[in-house]
Structure formats: C-alpha cells, structure tokens
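# Summary of the model geometry
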Amino acid sequence: MQYKNIPVSYVRSFAFGVEDSLVSTVGLLSGIAIVGMESGAILITGVILIFVEAFSMAVGSFLSEHLAEDYAKQAEMPLRHSLFSGVVMFLSYFISGLIPLFPYAVMPVGSALWVSILLSLAALFLLGVIGAKISHVNIIKNSLRTLAIGGIAIVIGVIVG
C-alpha cells in the first residue's frame, strides 16, 4: 500500500493526536483512580477530558497549520487543507482517548488502572508500526522508540497524576 500522497500535516496531526491523547488521558485517569475516585466519576471525567482536549487540539492544529501554510507561501492560503488537519487531529485524539478510558467502563477501578496503562502502551507500539509503514522505516525500531518515549511520558503522567 502506498502512502506517498498523504500530506505531511495529516500524518503529523494523526501521530500527535494519538500520542498526546493516550499519554494525557491515561495520566489523568490513573491519577484520579489512584486517589480513590469511583468508576462513574472516572468515566465522566475521562469523557470530558477527551472531548475538550480533542476539540482544543483540533483548533490548535487548524490554526498552526494555517499559519504555517500562510508563512511558507507568503500569502493567505485556502482553509480546506488546514481544516482537514484539524479534523484528523480531533478524530485521532478522540478515538485514542477511548482506549485508556474503556477499561474503567467494564472493570473495577483497581484492575482498570493497569489494563488502561497496558492498552495505552500497546496502542503506542501500534502507532509506531503504523508510522513505520507510512515512513518506510524499520518497523521494530520505530515501534520500540515510540513505545519507549510514549511509555516514559505515560509513567510521568501517572506519577504526576
């Protein structure tokens, strides 16, 4: 499968949305789970976080991409490309945020905490696989790098949370 026609900004928005969503969502959920919040409160907090952050990241992606395009071309560019980058960011953030949230909907909080972290780490590894396939680089190396860097960010998020 060829990926050469995918604009760089879409790939960037996708990868950034997935990684940031996994790390920030699992960090917040872990933090509030560790302090003893009940699963209902964890779920509503997670949904609010995911939606608000997905929208915020989409707006940020749209504005920064549009500014960068204007700067690169030294002229005002059509909004369509920047708007699609924002949509990619929103969807990648929103859908990825559901990964660490899901265990809290179906498991006791103590178990959900660890499953949430493990699912997020697995999703980071998968992000590395997808990135390697798109970029035509070594799959194992890229996947392990994504897992390690994202994993460190998750550990920091859990500690701070």
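Model, not experiment: these values are computed from the prediction. (Residues numbered from 1 in each chain as written. Predicted model: local features only at pLDDT ≥ 70, side-chain atom pairs only at ≥ 80, totals over all residues. Heavy atoms only, no water.)

## A few points about the overall build of the chain
- Helix and strand content of the chain: five helices and zero strands.
- The C-alpha atoms of the chain give a radius of gyration of 17 Å, which matches the 15 Å a tight globule of 161 residues would have.
- Along the first, second and third principal axes, the C-alpha atoms of the chain reach 55 × 35 × 25 Å.
- In the chain, which comprises 161 residues, the proportion classed as buried is 38%.
- Contacts spanning at least 24 positions in sequence make up 69% of the contacts within the chain whose residues lie at least 6 apart. (Helix = DSSP H or I, 4+ residues; strand = E, 2+ residues; numbered from the N terminus. Rg over C-alpha atoms; globule rule 2.2 N^0.38 Å. Buried < 20%, exposed > 50% of the residue type's maximum accessible area, 1.4 Å probe, protein only. Contact = heavy atoms within 4.5 Å.)

## Describing the side chain of Glu 69
- Mapped onto the secondary structure, Glu 69 falls in helix H2 (residues 39-73).
- Lys 73 provides the closest opposite charge to the buried, unpaired Glu 69, separated from it by 7.9 Å.
- Apart from the residues lying within four places of it in its own chain, the contact partners of Glu 69 are Ala 75, Met 77, Pro 78, His 81 and Ser 82. (Lys, Arg positive; Asp, Glu negative; His and termini not counted. Salt bridge = Lys/Arg side-chain N within 4 Å of Asp/Glu carboxyl O.)

## Structural notes on the pattern of salt bridges
- Enumeration according to the criterion identifies one salt bridge in this entry.
- Measuring nitrogen to oxygen at the nearest pair gives 3.6 Å for the salt bridge that ties Arg 12 to Glu 65. Of this pair, Arg 12 sits in helix H1 (residues 8-34) while Glu 65 sits in helix H2; the two residues are 53 residues apart in sequence, bridging distant segments of the chain.
- Using a relative accessible area of 14% as the deciding quantity, one classes Glu 65 as buried.

## Describing the packing of aromatic side chains
- Throughout the structure, instances matching the rule amount to three aromatic pairs.
- Summarising the aromatic geometry, the rings of Phe 90 and Phe 94 are spaced 5.7 Å apart at their centres and angled 10 degrees between planes, so their arrangement reads as stacked. With a gap of four residues between them, Phe 90 and Phe 94 both fall in helix H3 (residues 80-106), about one helical turn apart.
- Following the ring pairs from residue to residue traces out a cluster consisting of Phe 51, Phe 90 and Phe 94. (Phe/Tyr/Trp six-rings, centres within 6.5 Å; stacked < 30°, edge-to-face > 60°.)

## Quick notes on the packing of H2 against H3
- The contact between H2 and H3 brings their axes to 8 Å, and the two run at 160 degrees. By the criterion of interaxial angle, the relationship of H2 to H3 is roughly antiparallel. In this structure, the crossing between H2 and H3 has a hand that is right-handed.
- Here the contact of H2 with H3 is composed, by residue class, of 19 nonpolar, nine polar and three charged. (Axes fitted to C-alpha atoms, helices over the stretch in contact; angles between N-to-C directions. Parallel < 35°, antiparallel > 145°, perpendicular 65-115°, else oblique. Left-handed = near helix turned anticlockwise from the far one by under 90°. Nonpolar A, V, L, I, M, F, W, Y, C, P; charged D, E, K, R; others polar.)

## Details of helix H4 (residues 109-135)
- The end-to-end C-alpha distance of H4, which contains 27 residues, comes to 38 Å, matching closely the 39 Å that a straight helix rising 1.5 Å per residue would cover.
- Restricting attention to buried positions, one finds in H4 the residues Val 109, Ala 112, Leu 113, Ser 116, Ile 117, Ser 120, Ala 123, Leu 124, Leu 127, Gly 128, Val 129 and Ala 132.
- If you follow the buried residues of H4, they end up packed against H1, H2, H3 and helix H5 (139-160).
- His 136, located one to two residues past H4, shows a positive phi value of around 60 degrees. (Expected span 1.5 Å × (residues − 1).)

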